[in-house]
Amino acid sequence: MTPIRTASLAISTLLAFAAQASAQITPGNLVVVRVGDGAAALSNAAQPVFLDEFTTAGTFVQTIAMPTVANGANLPITNSGTATSEGFVTLSTDGRYLVTVGYGTTVGTTSVASTASASTPRVISRISLDGTIDTSTAID
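For clarity, every value in this text was computed on a predicted model and none was experimentally measured.

Visitor: So what exactly am I meant to see when it comes to the overall build of the protein here?
Guide: The helix and strand tally for the protein stands at 1 helix and 8 strands. Taken from the N to the C terminus, the helices and strands of the protein come in the order α-β-β-β-β-β-β-β-β. The 140 residues of the protein split such that 35% are buried. Residue pairs in contact within the protein that sit at least 24 positions apart in sequence constitute 53% of those at least 6 positions apart.

Visitor: What should I look at first to understand the packing of aromatic side chains in this one?
Guide: Centre-to-centre distance and the angle between the planes together describe a pair of aromatic rings. With the rule as written, the count across this model stands at 1 aromatic pair. Summarising the aromatic geometry, the rings of Phe-54 and Phe-60 are spaced 5.7 Å apart at their centres and angled 70 degrees between planes, so their arrangement reads as edge-to-face. Phe-60 gets classed as partly exposed once you look at its relative accessible area, which sits at 45%. The ring centre of Phe-50 lies 4.3 Å from the NZ or CZ of Arg-34, which sits over that ring. Directly above the ring of Tyr-97 sits Arg-126, whose terminal nitrogen or CZ lies 4.3 Å from the centroid.

Visitor: Help me out: how do you make sense of the side chain of Thr-78 in this one?
Guide: You can see Thr-78 is positioned in strand β4 (residues 78-80). For Thr-78, a relative accessible area of 0% corresponds to the buried category. Polar contacts involving the side chain of Thr-78 include one to the main-chain carbonyl oxygen of Thr-105, which spans 3.4 Å. Ignoring anything within four residues of it in the chain, the contact list for Thr-78 reads Ala-46, Gln-47, Val-49, Gly-102, Tyr-103, Thr-105, Thr-106 and Val-107.

Visitor: Where do I start with unusual backbone geometry in this structure?
Guide: Trans is the common state for peptide bonds, and a negative phi is the common state for residues other than glycine. For Ser-111, which is not a glycine, the phi torsion comes out positive at approximately 50 degrees. You can see Ser-111 is positioned in the loop between β6 (97-103) and β7 (122-128).

Visitor: In this structure, what is going on with the pairing of β7? I would like to understand it.
Guide: For a regular strand, the rule is simple: side chains alternate between the two faces of the sheet. In terms of strand pairing, β6 meets β7 through 7 bridges, oriented antiparallel. Opposite Tyr-103, over in β7, you have Arg-122 as the bridge partner. Taking the residues between adjacent antiparallel strands as the criterion, β7 and strand β8 (residues 133-139) are bridged by 4 residues, where Gly-131 takes a positive phi near 90 degrees.

Visitor: What is the right way to look at the environment of Val-101 in this model?
Guide: As for its placement among the helices and strands, Val-101 is situated in strand β6. A C-alpha to C-alpha distance of 7.0 Å links Val-101 and Arg-122, two positions 21 residues apart in sequence. Residues contacting Val-101, with those up to four places away along its chain left out, are Ile-77, Asn-79, Val-123 and Ile-124.

Visitor: What is the right way to read the pattern of salt bridges from this model?
Guide: Pairing of side chains with opposite charge becomes possible as their charged atoms draw close. As enumerated under the stated definition, the model contains 2 salt bridges in all. Of the charged contacts, one joins Arg-34 and Asp-52 as a salt bridge, the two residues approaching to 2.6 Å between their closest N and O atoms. Here Arg-34, found in strand β1 (residues 30-35), pairs with Asp-52, found in strand β2 (residues 46-54); they are 18 residues apart in sequence, far enough to count as distant. On the basis of relative accessibility, which here comes to 26%, the residue Arg-34 falls in the partly exposed class. Measuring nitrogen to oxygen at the nearest pair gives 3.5 Å for the salt bridge that ties Asp-134 to Arg-126.

Visitor: Would you mind showing me how to read the pairing of β6 here?
Guide: Burial of β6 is extensive: 5 of the 7 residues sit out of reach of the surface. Relative to β6, strand β5 (residues 89-91) runs antiparallel, the two being bridged by 3 bridges. Within the sheet, the bridge partner assigned to Val-89 lies in β6 and is Thr-100. Hairpin geometry of β5 and β6 is characterised by an intervening segment of 5 residues between the two adjacent antiparallel strands and by a positive phi of about 75 degrees at Gly-95.

The rules behind each value
- Residues numbered from 1 in each chain as written.
- Predicted model: local features only at pLDDT ≥ 70, side-chain atom pairs only at ≥ 80, totals over all residues.
- Heavy atoms only, no water.
- Helix = DSSP H or I, 4+ residues; strand = E, 2+ residues; numbered from the N terminus.
- Buried < 20%, exposed > 50% of the residue type's maximum accessible area, 1.4 Å probe, protein only.
- Contact = heavy atoms within 4.5 Å.
- Phe/Tyr/Trp six-rings, centres within 6.5 Å; stacked < 30°, edge-to-face > 60°.
- Lys NZ or Arg CZ within 6 Å of the ring centre and 35° of its normal.
- Polar contact = N/O pair within 3.5 Å; in protein donor to acceptor, adjacent residues only side chain to side chain.
- Pairing = 2+ DSSP bridges.
- Salt bridge = Lys/Arg side-chain N within 4 Å of Asp/Glu carboxyl O.

Distances and angles like these do not, on their own, reveal function.
Following this line, the structure appears as structure tokens:
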């Protein structure tokens, strides 16, 4: 029952965010986190992360790919393909950003969510209303 309540809360939050968006995300649409590219089988290794936008009728609109390699101040952001406690997206308290978290490591890093990967930095991604992605914040 808890996952259903969590999903309902996340969808409500994302609807509120999409209603305020004016650039890449269409007002009223839903945004969900997708882990993996859909081609390779998921495993405990680090997977690429995407934000998929849908209309409330379920029609696909667009995909926003999160960075998988470092570029300037931005770090890669990945998630485990099998962890059940990852892949959340939320609205910032000021309503200006979508926020997700992940691992600052390259795609394919094995056992990324295990305690053995404690040295892998956790990365916070912030997607602004104009679609700018900022993954420069890491927690070591």
